[in-house]
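Notes for the structure review
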Amino acid sequence: MNFIKNNKAVFISIIALILMLLFVLGWNYIIKKQNKTEIPTTNDYIDVSNVNNVPNVEAKFGSDIKITQGYLLTYTRNKSKTWYKSQGYVKNIKTNNTTTTIYLSKDKNSNQTLTTTIDNEKWEYKKGDTLYFVGTLDLSSSSISLSRISKDDIGYQNVTEIELEELMDNISSVKANYFIINGYMVTDGNKYKLFDSKDSYNKDSSAGTYFTINWQEKFNFTGNGNVTIKCLIEDTYKLHSCELQNK
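We now turn to the structure provided with this report. (Residues numbered from 1 in each chain as written. Predicted model: local features only at pLDDT ≥ 70, side-chain atom pairs only at ≥ 80, totals over all residues. Heavy atoms only, no water.)

**Digging into the packing of aromatic side chains**
Going through the model one piece at a time under the given rule, you end up with 10 aromatic pairs. Each ring, one from Trp123 and one from Tyr125, has its centre 5.5 Å from the other, and the planes form 75 degrees; the classification is edge-to-face. Both rings, one in Tyr184 and one in Tyr201, keep their centres 6.0 Å apart while their planes meet at 35 degrees; by these two values the pair is tilted. Within this pair, whereas Tyr184 is found in strand β8 (residues 179-188), its partner Tyr201 is found in helix α6 (residues 198-203), the two being separated by 17 residues in sequence. Classification of Tyr184 by relative accessible area gives buried; the value is 8%. Judged by relative accessible area, which is 25%, Tyr201 ranks as partly exposed. A network of ring pairs unites the aromatic residues Tyr184, Phe195, Tyr201 and Tyr210 as a single cluster. In this structure, Lys230 packs its charged tip against the face of Tyr178, placed 5.0 Å from the ring centre. (Phe/Tyr/Trp six-rings, centres within 6.5 Å; stacked < 30°, edge-to-face > 60°. Helix = DSSP H or I, 4+ residues; strand = E, 2+ residues; numbered from the N terminus. Buried < 20%, exposed > 50% of the residue type's maximum accessible area, 1.4 Å probe, protein only. Lys NZ or Arg CZ within 6 Å of the ring centre and 35° of its normal.)

**Thoughts on helix α5 (residues 164-176)**
Given a rise of 1.5 Å per residue, 13 residues ought to cover 18 Å, and the 18 Å separating the end C-alpha atoms of α5 matches this to within 8%. Within the sequence span of α5, burial applies to Leu164, Leu167, Met168, Asn170, Ile171, Val174 and Lys175. Along α5, the residues classed as buried sweep out an arc of 160 degrees about the axis, all on the same side. (Expected span 1.5 Å × (residues − 1). Arc of directions from axis to C-beta.)

**Focus: the state of the cysteines**
Where two cysteines share a covalent bond between their sulfur atoms, that bond is called a disulfide. Scanning all chains against the criterion turns up one disulfide. In this model Cys231 forms its disulfide with Cys242; the gap between the sulfur atoms is 2.2 Å. In this structure the cystine formed by Cys231 and Cys242 twists about its S-S bond by roughly 125 degrees; its chirality is therefore right-handed. Of the two residues, Cys231 sits in strand β11 (residues 225-235) while Cys242 sits in strand β12 (residues 238-244), which places them 11 residues apart along the sequence. Note on Cys231: relative accessible area 0%, which makes it buried. (Disulfide = S-S within 2.5 Å.)

**Considerations on the nonpolar core**
Within the largest apolar cluster, 44 residues are counted, with the highest numbers of intra-cluster contacts made by Leu72, Phe133, Phe179, Ile181, Leu194, Ile229 and Leu239. In terms of residue count, the dominant contributor to this core is α5 (five residues). The contact partners of Ile181, leaving out residues within four places of it in the chain, are Ile67, Thr68, Gln69, Leu72, Leu194, Val227, Thr228, Ile229, Cys231 and Leu239. (Core = buried A, V, L, I, M, F, W, Y, C linked by side-chain atoms within 4.5 Å. Contact = heavy atoms within 4.5 Å.)

**What about the pattern of salt bridges?**
This model, assessed by the stated rule, comprises eight salt bridges. The residue Glu58 makes a salt bridge to Lys79 at a minimum N-O spacing of 2.7 Å. Note that Glu58 is positioned in helix α3 (residues 54-58) and Lys79 in helix α4 (residues 69-81), a separation of 21 residues in sequence. Across the pair, exposure class does not vary: Glu58 and Lys79 are buried alike. Here Asp129 and Lys126 are joined by a salt bridge, their closest N and O atoms 3.3 Å apart. Look at Asp129 and you get buried, because its relative accessible area is 7%. (Salt bridge = Lys/Arg side-chain N within 4 Å of Asp/Glu carboxyl O.)

Pasting the structure below:
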């Protein structure tokens, strides 16, 4: 006891050094773990489509999707802004005064076609060509509005690369999937508008903040209120074949 008493300062110093060493080792472990988690390697795949909620919604395709008006509106806006890159065989061509419509298929023998459009001045190819293309989805017509088309691969950044048949299946799923939507419905003459909430309607009732509702059957209702409706997507800001789920 006298030895410990006489060397108390030495023991305290040793304990302090041990504690400091443990702290340093623990801190280094935490830093290494963070670096391992947060710094991607060159082999990591970055899915650029995840900059929005498009994949989150489409992962649920195949059954009715319960969703708020605001979330669905974010989806349709982002879907129409998503750039797709693919490749197809020119099955047929139609031209009017300003626009060329190109029907693309997987290959010469495939009967399933994707409708695409491009300005006449950008079109210089022929039926039977195999072409790369980049464009965005026009939800109303289920077609792709082309920005670029070429016999050579197109080097675009921030695009979703997708096989042609997969793109066609995706478009069909978008237009065929029912959504059960919670929102605030406003009667505007013979038109019905769906906002996210009464508060969002009061803050901003301009176009681009609501969906226009087209009912499956004749619908007579006046007034505003919270509703749940079941609909298909017609366009970025339009829903169709809608049914009221609550009254």
